[in-house]
Amino acid sequence: MNLSSDESRALAFIALVVALAAAARVAGRSGQLEGTADPLDAARLAAASDSMLRAAGRRPDRLGPGQRLDPNVAPAEELARLPRVSRALAERIVAERQRGGPFRAVSDLERVPGIGPRTAERLAPFLKLPAPTAPAPAEPRLHPGSVLIEPGTGVAGRPAGAAPRPPAPLDVNRATAAELERLPGIGPTLAARIVAYRDSAGDFGSADELLRIRGIGPALLARLRPHIVARP
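For every chain, the first residue of its written sequence is number 1, and the numbers climb from 1 along that sequence. The model is predicted, so local features are restricted to residues of pLDDT at least 70 and side-chain atom pairs to those at 80 or more, both for listing and for counting; the totals for chains, interfaces and linings are taken over all residues. Side-chain numbers here rest on the full set of heavy atoms in the structure, without hydrogens or water.

**Q** What am I meant to see in the overall build of the protein chain here?
**A** Secondary structure elements are defined from DSSP: runs of H or I of at least 4 residues count as helices, runs of E of at least 2 residues count as strands, and each element is numbered from the N terminus. Secondary structure assignment for the protein chain yields 8 helices and 2 strands. Ordered by position in the sequence, the α and β elements of the protein chain form the string α-α-α-α-α-β-α-α-α-β. Think of it in three bands: residues with accessible area under 20% of the maximum for their type are buried, residues over 50% are exposed, and the middle band is partly exposed, with areas taken using a 1.4 Å probe on protein chains only. The proportion of buried residues among the 232 residues of the protein chain is 28%. Should any heavy atoms of two residues lie within 4.5 Å, those residues are counted as being in contact. Looking at the protein chain alone, contacts between residues at least 24 apart form 46% of all its contacts between residues at least 6 apart. Summed over all atoms, the accessible surface of the protein chain reaches about 15100 Å², with 57% contributed by carbon and sulfur. Only the protein chains shown count as cover for residues, with accessible areas throughout obtained via the Shrake-Rupley method and a probe of 1.4 Å.

Next comes the structure, spelled out in structure tokens:
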């Protein structure tokens with residue numbers, strides 16, 4: 001039977017306690033033990049040894065090769081099986097999981113106080129984390145003379161082989177932020193500013209009023225003109 005280091009220390013301590021208790025009993029019977037120290041209490045020493053043995057038995061076994069834990073569901077007593085993870089650190093992992101949400105990558109464990117990049121790297125082989133999800137495909141951007149293709153059809157909804165038609169301008173008074181992001185030079189930030197301005201100040205009277213949006217200047221407006229309209 002292989003014993004952990006903690007179990008070995010506990011057994012060594014018990015052997016020492018038993019030897020001391022036996023010596024105390026012999027000395028007490030012979031009357032040769034003298035001194036100012038209190039006599040050894042064999043029962044108390046035995047109780048202490050039992051307590052140490054129980055504590056050693058409660059200490060979780062460390063994970064072996066090939067064993068992994070999911071830090072998003074494992075309780076603290078299981079997380080304490082990770083290499084060099086104490087019970088206190090395991091409880092901090094659980095607390096951070098409850099506070100900041102699940103760990104989606106090994107680097108997310110660095111949110112836990114006491115875990116840095118090197119510790120997270122050391123724990124990586126023992127962790128079971130969700131598989132990374134592929135990013136959603138980007139929306140196509142509009143370019144001068146371009147049209148959108150609908151699946152299973154030709155250009156802009158026409159049957160295949162039909163002559164293409166120019167794309168309809170985007171109404172900046174009704175377009176959503178996602179639709180505005182498809183315009184050249186307009187990203188999520190500018191699209192959100194256009195929608196926020198429209199919601200607070202009302203509809204744009206003309207495309208020129210887009211110059212009131214921070215981040216839109218004459219050069220960008222010139223790029224946008226072929227693709228936008230401001231209908232009342």
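There's plenty left to go through after this.
**Q** Can you help me understand the pattern of salt bridges in this one?
**A** A side-chain nitrogen of Lys or Arg and a carboxyl oxygen of Asp or Glu constitute a salt bridge if their distance falls within 4 Å. Evaluated as defined, the whole model comprises 8 salt bridges. The partner of Arg81 in a salt bridge is Glu78, with the nearest N and O atoms 3.2 Å apart. Salt-bridge contacts for Arg111 lead to Glu96; the nearest nitrogen and oxygen are separated by 2.9 Å. In this pair, Arg111 is assigned in the loop between helix H4 (87–100) and helix H5 (117–123) and Glu96 in helix H4, connecting sequence segments 15 residues apart. Classification of Arg111 by relative accessible area gives partly exposed; the value is 30%. Members of the salt-bridge network, linked through shared partners, are Glu77, Arg87 and Glu91.

**Q** Just checking my understanding: could you explain the confidence of the model for the protein chain for this structure?
**A** Confidence scores here are pLDDT values: one per residue, from the predictor, ranging 0 to 100. In this model, the protein chain carries a mean pLDDT of 76, and residues with pLDDT of at least 70 account for 60%. Note that residues 32–40 has pLDDT below 50 and, in this model, 5 contacts with residues that lie over four places away or in other chains. A low-confidence stretch, residues 147–160 stays under pLDDT 50, and its non-local contacts, those more than four residues away or across chains, total 21 contacts.

**Q** Please clarify how the environment of Arg182 should be interpreted in this entry.
**A** With respect to the helices, strands and loops of the structure, Arg182 is situated in the loop between helix H6 (177–180) and helix H7 (188–201). Classification of Arg182 as buried rests on a relative accessible area of 19%. With 12 residues separating them in the primary sequence, Arg182 and Leu170 have C-alpha atoms 9.8 Å apart.

**Q** Just to check I follow, could you spell out the packing of aromatic side chains for this structure?
**A** To describe a pair of aromatic rings, one takes the distance between the centres and the angle between the planes. Two rings from Phe, Tyr or Trp (for Trp, the six-membered ring) form a pair when their centres sit within 6.5 Å of each other. Planes less than 30 degrees apart are called stacked, planes more than 60 degrees apart edge-to-face, and all others tilted. Overall, the coordinates contain 1 aromatic pair when judged by the stated rule. Ring centres 5.4 Å apart and planes at 15° place the aromatic pair Tyr197 and Phe204 in the stacked group. Classification of Tyr197 as partly exposed rests on a relative accessible area of 22%.

**Q** Would you mind showing me how to read the environment of Asp61 here?
**A** Examined against the element boundaries, Asp61 turns out to sit in the loop between helix H2 (42–58) and helix H3 (76–79). Between the alpha carbons of Asp61 and Pro83 there is a distance of 9.9 Å; along the sequence they are 22 residues apart.

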